[in-house]
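Spelled out, the chains give:
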Amino acid sequence: DLKGILEKEPVSKSPLEALAEAMAGRSFVKEWEFEEITSAIETGLVNRSHSKGRKAFGAAGCFACHRFNNEGGMTGPDLTNAGGRYSAQDFIDQVFHPSKEINEQFVPIVLTKTDGDTVTGVIVNLNGDTVSVNTDLSNPFQQERVDRKEVESIEPSKISTMPSGLLNILEKEEILDLVAYVLSQGNADHNYFK
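Remember, it's a predicted structure, so these values are computed and weren't measured experimentally.

Conventions used here
- Residues numbered from 1 in each chain as written.
- Predicted model: local features only at pLDDT ≥ 70, side-chain atom pairs only at ≥ 80, totals over all residues.
- Heavy atoms only, no water.
- Buried < 20%, exposed > 50% of the residue type's maximum accessible area, 1.4 Å probe, protein only.
- Helix = DSSP H or I, 4+ residues; strand = E, 2+ residues; numbered from the N terminus.
- Polar contact = N/O pair within 3.5 Å; in protein donor to acceptor, adjacent residues only side chain to side chain.
- pLDDT = per-residue confidence, 0-100.
- Phe/Tyr/Trp six-rings, centres within 6.5 Å; stacked < 30°, edge-to-face > 60°.
- Contact = heavy atoms within 4.5 Å.
- Axes fitted to C-alpha atoms, helices over the stretch in contact; angles between N-to-C directions.
- Parallel < 35°, antiparallel > 145°, perpendicular 65-115°, else oblique.
- Nonpolar A, V, L, I, M, F, W, Y, C, P; charged D, E, K, R; others polar.
- Pairing = 2+ DSSP bridges.

Enquirer: Quick one: what's the story with helix α4 (residues 50-59), residue by residue and with numbers?
Expert: Counting along an α-helix, one turn takes 3.6 residues, and residues three or four places apart therefore face a common direction. Taken together, the buried positions of α4 are Gly-53, Ala-56, Phe-57, Gly-58 and Ala-59. Just downstream of α4 lies Gly-61, where phi reads positive at about 85°.

Enquirer: Tell me about the side chain of Arg-48, and name the residues and values.
Expert: Within the secondary structure, Arg-48 is located in the loop between α3 (34-44) and α4. For Arg-48, a relative accessible area of 11% translates into the label buried. Here Asp-177 takes part through its side chain, which lies 2.7 Å from a polar atom of the side chain of Arg-48.

Enquirer: Give me the confidence of the model for the chain: which residues, what numbers.
Expert: The share of residues in the chain with pLDDT of 70 or more is 94%, and the mean pLDDT across the chain is 89. Least confident of the elements in the chain is helix α2 (residues 15-23), whose mean pLDDT is 65; most confident is helix α8 (residues 172-183), at 97.

Enquirer: Any details on the packing of aromatic side chains? Residues and values, ideally.
Expert: Taken as a whole, this structure holds six aromatic pairs when the rule is applied. Ring centres 4.9 Å apart and planes at 35° place the aromatic pair Phe-68 and Tyr-181 in the tilted group. Remark: Tyr-181 occurs in helix α8 and Phe-68 occurs in strand β1 (residues 67-68); sequence separation between them is 113 residues. Here Phe-68 falls in the buried class, since its relative accessible area comes to 0%. Clustering of aromatic rings is evident, with ring pairs tying together Phe-57, Phe-63, Phe-68 and Tyr-181.

Enquirer: Now, about the environment of Leu-126: what can you tell me, with residues and values included?
Expert: Within the secondary structure, Leu-126 sits in the loop between β4 (118-125) and β5 (130-134). Given a relative accessible area of 45%, Leu-126 falls into the partly exposed group. With residues near it in sequence (within four places) discarded, Leu-126 still touches Val-131 and Arg-148.

Enquirer: Would you mind going over the packing of α4 against α8 in detail, with residue names and values included?
Expert: The geometry of α4 relative to α8 is characterised by a closest axis approach of 7 Å and an angle of 95° between their N-to-C directions. The angle between α4 and α8 falls in the class roughly perpendicular. Judged by residue contacts, His-50, Lys-52, Gly-53, Arg-54, Ala-56 and Phe-57 of α4 engage Glu-174, Asp-177, Leu-178, Tyr-181 and Val-182 from α8. Counted by class, the contact of α4 with α8 contains five nonpolar, two polar and four charged residues.

Enquirer: Talk me through the sheet that holds strand β6 (residues 143-147); I want residue IDs and the actual numbers.
Expert: Here we have five strands laid out as an open sheet, ordered β6-β5-β4-β3-β7, and antiparallel in their pairing. Of all strands in the sheet, those with a lone pairing partner are β6 and β7 (151-156), marking the two edges. Mean inter-strand twist for the sheet, computed between neighbouring axes without regard to direction, equals 45°.

Enquirer: Let's hear about the pairing of strand β3 (residues 109-113): which residues, and what values?
Expert: On β3, burial follows the alternation: Ile-109, Leu-111 and Lys-113 on one face are buried, whereas Val-110 and Thr-112 on the facing-out side are not. Summarising the sheet, β3 and β4 pair through four bridges and their orientation is antiparallel. Across the sheet, residue Thr-112 finds its bridge partner in β4, namely Thr-118. Here β3 folds back onto β4, and the loop between the two strands holds four residues, one of which, Gly-116, carries a positive phi near 95°. Summarising the sheet, β3 and β7 pair through five bridges and their orientation is antiparallel. Pairing of Lys-113 across the sheet is with Val-151, part of β7.

Enquirer: Report on the environment of Pro-10, specifying residues and quantitative values.
Expert: The topology assignment puts Pro-10 in the loop between α1 (3-7) and α2. Judged by relative accessible area, Pro-10 falls into the exposed class, the value being 74%. With 24 residues separating them in the primary sequence, Pro-10 and Phe-34 have C-alpha atoms 40 Å apart.

Rendered as structure tokens:
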């Protein structure tokens, strides 16, 4: 009975494809101000909805790049234990200001060539006389190869690969549910949801 299902080839989606799928049907709600959301968080993380928080996590595209309870992408930090690392204010600060403090494991580089051109991305190989840089985190095969003799400098980028404004497609209540969902570590029995 399961032969047809077992014979199907698995469908692999890039983080960009997963992000587009998650945001399908969504439109711009509002350009949220950091202070507006932090003010709402101060009193709003009670009686939240676990299921709506999970949906908001997907709708904002978080699963496209971040792992959470063994689901999601791996081009950004695992957020499963974010509740143990961040207060609600600190977490939302990271979302609003992704370049303020970039996780050292996910810092992109800026490679400057001797002709002044730059390549931005993540170094994936320093083998031999070539530096290979992944320039599109949604496609691990998108690489630019640079001859080491053409490299002037390699420095960490000050710009995160996480785009800002991802919350602008969510209503305020959805943002509060998302924050509660992440900070509860996905635990539906957490006091945010009672």
